[in-house]
4 protein chains.
Amino acid sequence: MIVVMKPNCDPADQASVVARIRELGLTPHLSQGEYRTIIGAIGGATPEAMDQLDQLPGVDHVQRITAAYKLASREFHEADTVIDVRGLRIGGPHVHVIAGPCTIESRAMLFDAGRAVREAGATLLRGGAFKPRTSPYAFSGLGEEGLKLLKEAGDELGMATVTEVMDPRDVPLVARYADILQIGARNMQNYNLLLEVGRANKPVFLKRGFSATVSELLMSAEYILSQGNHKVMLCERGIRSFAEEVRFTLDLSSVPLIQEHSHLPVFVDPSHAAGKRDLVPALALAAVAAGASGVMIEVHGHPERALCDGPQAVLPKRFAEMMVQLRQIVHAIGKQMWPA
Amino acid sequence: MIVVMKPNCDPADQASVVARIRELGLTPHLSQGEYRTIIGAIGGATPEAMDQLDQLPGVDHVQRITAAYKLASREFHEADTVIDVRGLRIGGPHVHVIAGPCTIESRAMLFDAGRAVREAGATLLRGGAFKPRTSPYAFSGLGEEGLKLLKEAGDELGMATVTEVMDPRDVPLVARYADILQIGARNMQNYNLLLEVGRANKPVFLKRGFSATVSELLMSAEYILSQGNHKVMLCERGIRSFAEEVRFTLDLSSVPLIQEHSHLPVFVDPSHAAGKRDLVPALALAAVAAGASGVMIEVHGHPERALCDGPQAVLPKRFAEMMVQLRQIVHAIGKQMWPA
Amino acid sequence: MIVVMKPNCDPADQASVVARIRELGLTPHLSQGEYRTIIGAIGGATPEAMDQLDQLPGVDHVQRITAAYKLASREFHEADTVIDVRGLRIGGPHVHVIAGPCTIESRAMLFDAGRAVREAGATLLRGGAFKPRTSPYAFSGLGEEGLKLLKEAGDELGMATVTEVMDPRDVPLVARYADILQIGARNMQNYNLLLEVGRANKPVFLKRGFSATVSELLMSAEYILSQGNHKVMLCERGIRSFAEEVRFTLDLSSVPLIQEHSHLPVFVDPSHAAGKRDLVPALALAAVAAGASGVMIEVHGHPERALCDGPQAVLPKRFAEMMVQLRQIVHAIGKQMWPA
Amino acid sequence: MIVVMKPNCDPADQASVVARIRELGLTPHLSQGEYRTIIGAIGGATPEAMDQLDQLPGVDHVQRITAAYKLASREFHEADTVIDVRGLRIGGPHVHVIAGPCTIESRAMLFDAGRAVREAGATLLRGGAFKPRTSPYAFSGLGEEGLKLLKEAGDELGMATVTEVMDPRDVPLVARYADILQIGARNMQNYNLLLEVGRANKPVFLKRGFSATVSELLMSAEYILSQGNHKVMLCERGIRSFAEEVRFTLDLSSVPLIQEHSHLPVFVDPSHAAGKRDLVPALALAAVAAGASGVMIEVHGHPERALCDGPQAVLPKRFAEMMVQLRQIVHAIGKQMWPA
């Protein structure tokens, strides 16, 4: 990190900053500017050290030079991470489509949606058994019964399954049934939950919090990686902005940005961002064109009867049309749609 | 709710919307506009019903008329809620100051900070035993040992205590030691945690998520209230915006806005919003002038040695000066500083 | 519009709202809800009428039902607008690439960049002669000399030209040299400037303000259209959000959203949004995949010598590679790259 | 500025960065970190130089150390600027209230509102003659006739007057009638307008753009100051955020933040931020408690008949009540209400 001193500050203040840097086990390095002195502190910047130096007399501010995350960073792991899930290779040159209903409502609707997306080319099946709902009066999922149905559907259709876990106490239960544990946007900084899925030996699908920066997303991934679980997929799903005409603002610049800073695969969920099915296909194609490792799309056979987020669910027919264009875009940018 | 039809829509579509409204147990009410028809659906708007109607052919969009929260709303509970904590009356005309260190680091520092803020007039003592940290490599609190120290300090200084609980599994533990259970901003939509504190018979201090609207904050309060726990305090602590020169943008308009829509006491935490101690006193005075039931301020005797958020901690001397002005402002707006 | 009354409001208040609606030349229409009464006001909602009704006793709030813009809306003009510029057809199924330097610095650099983008397939040439700069101490363009160079380059290369006009006093001057008048993001709500370009008989390229909603963008287009100039192109160029890791957050959902609500062609400028050249090609491909009528890309032969925004300028070689993929994506989604 | 090199970069790249720094007339200064090298460039950072260095091979990024604004900065002008307007002293310890209608609609309403706010203690009279309106179909002010009425009212009531100028062509006209030229939020980066008011020898009231950072606000002030006009007042009036329950999010942290970085007086306009009169008094009191040099409040005798922004106009009676509390708060924080 570097410590920027106030203009024309007292040499005694500089001296005490230098002393404190040494006390912290770091190596100081002075650089005298026109108006200000900058003092480099070489040897690793912990949050505590930065905060403490920031407050010494004569200090204007402290700037981090190296990213706070390590295991998630390309600086420390250059090659793309490719994750194997039930024989599917996720990441690198491969593009996958995760699809299915928002919430598992019944055996019939899950299997109908599952068959439809499978036929159209989806390789992973999504479906919620535990749903975070803004209102305590809204349907919050079937729980374990939903998990059983999801496993059954995945096995029958030959698809890997993804479902959300919201509570650290539920990690073992969800891990028993699902192939991939999803951490929802609202829980991206639920650190105890991150540690639990980090300890479970299962791939994790980590969604970006809707007010999280890319660095914060990578810091949350770091929580999981720090527990020895290296099978982490990231997912952009839209951020909060003033632009109230869509539910969330899909930030596709995060795709190339994450790929520049991290080796982890990055997916995009246009369904929750748009909140309206008519916008979803265009954004899904855009996400793949931007280089995403895949997209997660909500599909429902009878969304006008859905118990959750029906308005954003794409109909199977429209989904199939979208998949045709999506394949061509994958090819246009030199990647491969799975299965090859 | 009202259903707004598309311009010049098909009468058959109108008819099926009307039929569906009846099927949902609601009463339809047509209103023919110049370009559009509006259909009122009278009798309560569930999220499911709104989403389902939104998707029928010919429907442009659906608008909610009555707020989604009930127990938290002034429509259903007109008088200000006043909460009794260890004999302190919180809410209504009373103003309280909660102060103390960000994190409990040691017995000595906690008692030093506690004594200082007590003398200056604070009635509640804050201190973190479980700290949510962006980095898995940062100090995350002393856990139960910290809780014990906090209880001991509260008892000795005659102050009520507030501390954060991050994990539903820790609610009974934290409830054993603390007078008020704090839900941090990152957990405002950690619904299982909200349900757990709702079941605990303890006052709850619920912080606004940094990307949550006021309605979402009140919906989260509704989760707690729905479990029969009516002792809920709200806290504005800053929201995310593009204005990167402060850590978060303190949204003081939320204070009168919440008071208009809800009967629950609303506090303000300027320390986490500003992230810089020099900005804290001005924002604390502003919060009280805006009508807040109190403020939560981080105070530390030696912040340059703090293990967490030192830069935002106010020094005891500055805190005492601020309290003098704060009392006068409380008086200026016709409220009462506790103790009277 | 509809007027939503407060819960259990006084019938006398309802009566006076009804009377005022009639006084405003509108037709009232009552609808009695469970808790609240809603009163429709049929016949057109002016901002004044909405604001005035909003304040009558017993009124909770007023909601607009029909969009405030007319000429820009699909409700009033269903077919896509296709604009002819120097024989180029812009909008509808056609996709164009606008490229060139941020600022015109010299004859040589403009012609070099122009030739390079022309060869790669760009049909329109961009270049700034008047530059809005955050700092009064930064280079602000060559003015009329730059306009002459741009016209000369456009004529020699057979490209239509686009350049920004910042001041109502400069509209006739810029209109004399350029084929398309650009209104920059900072001037999207510079209403007198909008009226001036509305009176000029030239196509206008209107950039979305970086804190403007899509409705506000369409209201600004309405200013131009209201003066009888129907040749308006819109451009998404990124919005302000908390996500500080890119310069602006490119909001690609605005592309399908604008196409749903308006008939005007919509372009995307990924260069100003990203602020970093490495992110530009991915976002340009995404924009076209999302259905944009084209993209505007900054290209510079020696960006490390550029006097403005060099870091976001793509090198000619990289631009040419991107164009190959871009053509395939245009084809994948069933549109046509111009020239066909 | 400092140039941060990529991890383990090529020494040749370092050498060429050093050479380029010298070529730019700056002094290079190397500092070797654990993973990275940092190169200081001493002697002033122009935007061009920063952008150019940012792009050299091996460079990760460039960081500014000293603020880009000079004349607006406390580094270059330590004492508070106090501006004299018609014998009123604005800034420093003095607090003023600017009040009046949003728009001048008629002689009668302007004088009624003016008298009411004068009696209650306002020292400056506001009123719009040129109004920026989102819709081209909304009332946009009386123009010169309005300016004449404002001057007449100011003279008769002994108040200084503030009114907005939107167009560089109107500066001489507005300057003829008004004491203070207001630049509205939408024009904060209308640079040619800033230069014109900079050349006019009149105090300027510069509103923060609703998506402008504090640094950008100070850069816009710099435009005015750079023309030799040092009578600049700043005004916080709310920023865009996701929090859609108010019109804009009033950012009161900008008050102490601006006072830390600049010597210019800073006002707050809670009326446009809140958009609802019920929220205005609480926010006005908060603004003064936060240390603002004053507030600007919209007051209207019959807002339900107002042609613009009626819902946010405070009634004269409520305004007078607010002024009583406001005086006490000014006293509580040790400032002086004008007139003393």
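Below: a short report on this structure. Note that the structure is predicted; figures quoted are calculated from it, not measured.

Focus: the packing of aromatic side chains
Centre-to-centre distance and the angle between the planes together describe a pair of aromatic rings.
Next up, step 1: Scanning all chains against the criterion turns up 12 aromatic pairs over all chains.
Next up, step 2: Ring plane angle 20° and centroid distance 4.5 Å describe the contact between A:Tyr191 and A:Tyr223, whose orientation is recorded as stacked. Linking A:Tyr191 in helix H6 (residues 191–199) with A:Tyr223 in helix H7 (residues 214–225), this pair joins segments that are 32 residues apart in sequence.
Next up, step 3: A:Tyr191 sits in the buried class, given a relative accessible area of 2%.
Next up, step 4: Overall, A:Tyr223 belongs to the buried group, its relative accessible area being 6%.
Next up, step 5: Ring centres of D:Phe210 and D:Phe248 lie 4.9 Å apart, and the angle between their planes is 35°; this geometry places the pair in the tilted category. With D:Phe210 in the loop between strand S11 (204–207) and helix H7 (214–225) and D:Phe248 in the loop between strand S12 (232–236) and helix H8 (254–261), this pair connects stretches of sequence that are 38 residues apart. The pair D:Phe210 / D:Phe248 is uniform in exposure class, with both members buried.
Next up, step 6: Directly above the ring of B:Phe111 sits B:Arg107, whose terminal nitrogen or CZ lies 4.3 Å from the centroid.

Considerations on the pairing of strand S10 (residues 180–183) of chain C
Residues and elements named next belong to chain C.
Next up, step 1: Alternating residues of S10 divide into Ile180 and Gln182 and Leu181 and Ile183, and every residue in both groups is buried.
Next up, step 2: Across three bridges, the pairing between strand S9 (residues 160–164) and S10 is parallel. From the neighbouring strand, Glu164 faces S10, where its bridge partner is Gln182.
Next up, step 3: Here S10 runs beside strand S11 (residues 204–207); their pairing, made up of three bridges, is parallel. Paired with Ile183 across the bridge in S11 is Leu206.

Looking at the relation of the copies chain B and chain A
Next up, step 1: With an RMSD of 0.0 Å, chain B superimposes on chain A once it is rotated by 180° and translated 0.0 Å along the axis. The two molecules are tied by a two-fold rotation axis, judged by turn and shift. Every residue of chain B has its C-alpha some distance from the rotation axis, and the shortest such distance is that of B:Ser211, at 2.9 Å.
Next up, step 2: The overlap is high: 100% of the interface residues of chain B also sit at the interface in chain A, so the same surface is used on both sides.

Regarding the interface of chain C and chain A
How large an interface is tends to be reported as the accessible area lost when its parts come together.
Next up, step 1: Between chain C and chain A, the residue contacts involve 37 residues of the former and 37 residues of the latter.
Next up, step 2: Here chain C and chain A share an interface that buries about 3,000 Å² over both sides, 66% of which is from carbon and sulfur atoms.
Next up, step 3: Between chain C and chain A we count two salt bridges in total.
Next up, step 4: At the junction of chain C with chain A, the criterion picks out six residue pairs in polar contact (both at pLDDT 80 or more).
Next up, step 5: Those elements giving two or more residues to the side of chain C that touches chain A turn out to be helix H7 (214–225), helix H8 (254–261), helix H10 (280–289) and helix H11 (316–332) of chain C.
Next up, step 6: In the side of chain C that touches chain A, the residues fall into 21 nonpolar, nine polar and seven charged.

Details of the side chain of B:Ser211
Next up, step 1: Checked against the element boundaries, B:Ser211 lands in the loop between strand S11 (204–207) and helix H7 (214–225).
Next up, step 2: Of note is the side chain of B:Ser211, whose polar atom sits 3.2 Å from the side chain of A:Ser211.
Next up, step 3: Excluding residues that lie within four positions of it along the chain, B:Ser211 makes contacts with A:Phe210, A:Ser211, A:Arg240, B:Glu216 and D:Phe242.

What about the pairing of strand S7 (residues 94–100) of chain B?
Residue and element names in this part refer to chain B.
Next up, step 1: Judged by how many residues are buried, S7 sits mostly within the fold: seven of seven residues are covered.
Next up, step 2: Neither face of S7 is open: one carries His94, His96, Ile98 and Gly100, the other Val95, Val97 and Ala99, and all of them are buried.
Next up, step 3: Here S7 pairs with strand S15 (residues 336–337) via two bridges, running parallel. Residue pairing in the sheet places His94 in a bridge with Gln336 of S15.
Next up, step 4: Alignment of S7 against strand S14 (residues 294–298), held across five bridges, turns out to be parallel. Residue pairing in the sheet places Ala99 in a bridge with Ile297 of S14.
Next up, step 5: The pairing of S7 with strand S8 (residues 124–126) spans two bridges and is parallel. Paired with Ile98 across the two strands is Leu124, which belongs to S8.

Cut-offs used in this document
- Think of each chain on its own: its residues are numbered from 1, step by step along the sequence as written.
- All chains are assigned letters beginning with A, and all ligands numbers beginning with 1, in the order in which they are written.
- Since the coordinates come from a predicted model, pLDDT governs what is reported: local features require at least 70, and pairs of side-chain atoms require 80 or more to be given and counted, while whole-chain, interface and lining totals use all residues.
- The basis for every side-chain value is the complete set of non-hydrogen atoms in the structure, without hydrogens or water.
- Pairing of aromatic rings covers Phe, Tyr and Trp, the last through its six-membered ring, and needs centres within 6.5 Å; plane angles under 30 degrees mean stacked, over 60 mean edge-to-face, and all others mean tilted.
- Here a helix means four or more residues in a row that DSSP labels H or I, a strand means two or more in a row labelled E, and each is numbered from the N terminus.
- Residue burial is assigned from relative accessible area. The probe radius is 1.4 Å, only protein chains are included, and a residue is buried under 20% of its type maximum, exposed over 50%, and partly exposed in between.
- We count a charge as sitting over a ring when the NZ of a lysine or the CZ of an arginine lies within 6 Å of the ring centre and within 35 degrees of the ring normal.
- In this scheme, strands are said to pair when DSSP sees at least two bridges between them.
- Only residues with pLDDT of at least 70 in both copies contribute their C-alpha atoms to the least-squares superposition of the copies.
- In what follows, a contact means two residues having at least one pair of non-hydrogen atoms within 4.5 Å.
- Values labelled buried area give the accessible surface lost by two parts on being combined, using a 1.4 Å probe and summing over both.
- Every case where a carboxyl oxygen of Asp or Glu lies within 4 Å of a side-chain nitrogen of Lys or Arg is listed as a salt bridge.
- Identification of polar contacts relies on pairs of N or O atoms within 3.5 Å, with a donor-acceptor requirement for protein atoms, meaning one able to donate a hydrogen and the other able to accept it, and with residues adjacent in sequence counted only if both atoms are side-chain atoms.
- Residues are sorted three ways: Asp, Glu, Lys and Arg are charged, Ala, Val, Leu, Ile, Met, Phe, Trp, Tyr, Cys and Pro are nonpolar, and all the rest, Gly among them, are polar.

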